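Each chain, letter by letter, is given below.
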Amino acid sequence: MYQLPTLSYDYGALGKYISSDIMQLHHSKHHQTYVDKLNSALDDAPSLKERPLESLLTDLDSLPENVQTAIRNHGGGHYNHSLFWQWMSPDGGGEPTGELANKLVAQYGDFQGFVNEFTAKSLAVFGSGWCWLMPDMSIVTTPNQDTPIMQGLDAPLLGLDVWEHAYYLDYKNKRDDYVQAWWNVVNWEFVASRMS
Ligand code: MN3
């Protein structure tokens, strides 16, 4: 059975950028619900329990119809959020270095060019969804809890949750303020570690 992952930092560790209230609600309620509903769906299709989550998400069309939507939404939610917590750190922010920095500069001119493009695409997500940096340095978005590996793409290097539940308590309807704040906590070491 899937379990809620433990954070490597306290709920309050991201300080003014992402408040303790948001972190607690987002992790202990929203993510927990994805875990619970994913487990419940797998109870309805026990043969799938032996397969890794990635294998289910990359092969949704082949799954039994009665659990397909639940695994897409709640399995996707669990997959995305398990990464999202690691993409943030109290020691985050600043700029990446090394090969990742070089690739971003090659694609976007400079680091700020990348930030501007990623921010613009995050703000353009209509309703709930995610914005992703892919290993080829492209930026893509997905609706709801869809994740790039569902579309046959590689696993993303970085992702940003732009569901209102990720920011409404602190930022109300101002997604742009949330995205600007989020850059201050991005864990570039973890992002770089995902490059093959
Ligand atoms: Mn979320």
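Check the entry above for the structure.
Residues numbered from 1 in each chain as written. Predicted model: local features only at pLDDT ≥ 70, side-chain atom pairs only at ≥ 80, totals over all residues. Heavy atoms only, no water.

**Focus: the sheet that holds strand E2 (residues 139-143)**
Okay, step 1: Spatially, the 3 strands line up as an open sheet ordered E2-E1-E3, and their pairing is antiparallel. Both edges of this open sheet fall to E2 and strand E3 (158-161), since each of them pairs with a single strand only. Along the sheet, successive strands turn relative to each other by an average axial angle of 20°, direction set aside.
Okay, step 2: Here strand E1 (residues 129-133) runs beside E2; their pairing, made up of 5 bridges, is antiparallel. Looking across to E2, one finds that Cys131 is bridged to Thr141. (Pairing = 2+ DSSP bridges. Helix = DSSP H or I, 4+ residues; strand = E, 2+ residues; numbered from the N terminus. Axes fitted to C-alpha atoms, helices over the stretch in contact; angles between N-to-C directions.)

**Focus: the environment of Leu158**
Okay, step 1: On the secondary structure map, Leu158 appears in strand E3.
Okay, step 2: Along the chain, Leu158 and Asn187 lie 29 residues apart, while their C-alpha atoms are 9.2 Å from each other.
Okay, step 3: If we ignore the near neighbours within four places in the chain, the residues touching Leu158 are Trp87, Phe114, Cys131, Trp132, Leu133, Trp182, Val186, Trp188 and Val191. (Contact = heavy atoms within 4.5 Å.)

**Quick word on the coordination of the manganese ion**
Okay, step 1: For the manganese ion, the full set of protein donor atoms is His26 (NE2), His81 (NE2), Asp161 (OD) and His165 (NE2), at a range of 1.9 to 2.1 Å.
Okay, step 2: Sequence spacing of the donor residues for the manganese ion, all on one chain, is H-x54-H-x79-D-x3-H. Placement of the pair is His81 in helix H3 (residues 65-84) and His165 in the loop between E3 and helix H6 (168-171), with a sequence separation of 84 residues. Like His81, the residue His165 is buried in the burial classification. (Donors = N, O, S within 2.8 Å, 3.2 Å for Na, K, Ca; no water. Buried < 20%, exposed > 50% of the residue type's maximum accessible area, 1.4 Å probe, protein only.)

**What about the pattern of salt bridges?**
Okay, step 1: Applying the stated criterion across every chain yields a total of 5 salt bridges.
Okay, step 2: Among the ionic pairs, Arg51 bridges to Asp59, the shortest N-O distance being 3.5 Å.
Okay, step 3: What makes Asp59 partly exposed here is its relative accessible area of 33%.
Okay, step 4: The partner of Lys103 in a salt bridge is Glu99, with the nearest N and O atoms 3.6 Å apart. One end of the pair, Lys103, and the other, Glu99, are both in helix H4 (residues 98-108), 4 residues apart, so they sit about a helical turn from each other. (Salt bridge = Lys/Arg side-chain N within 4 Å of Asp/Glu carboxyl O.)

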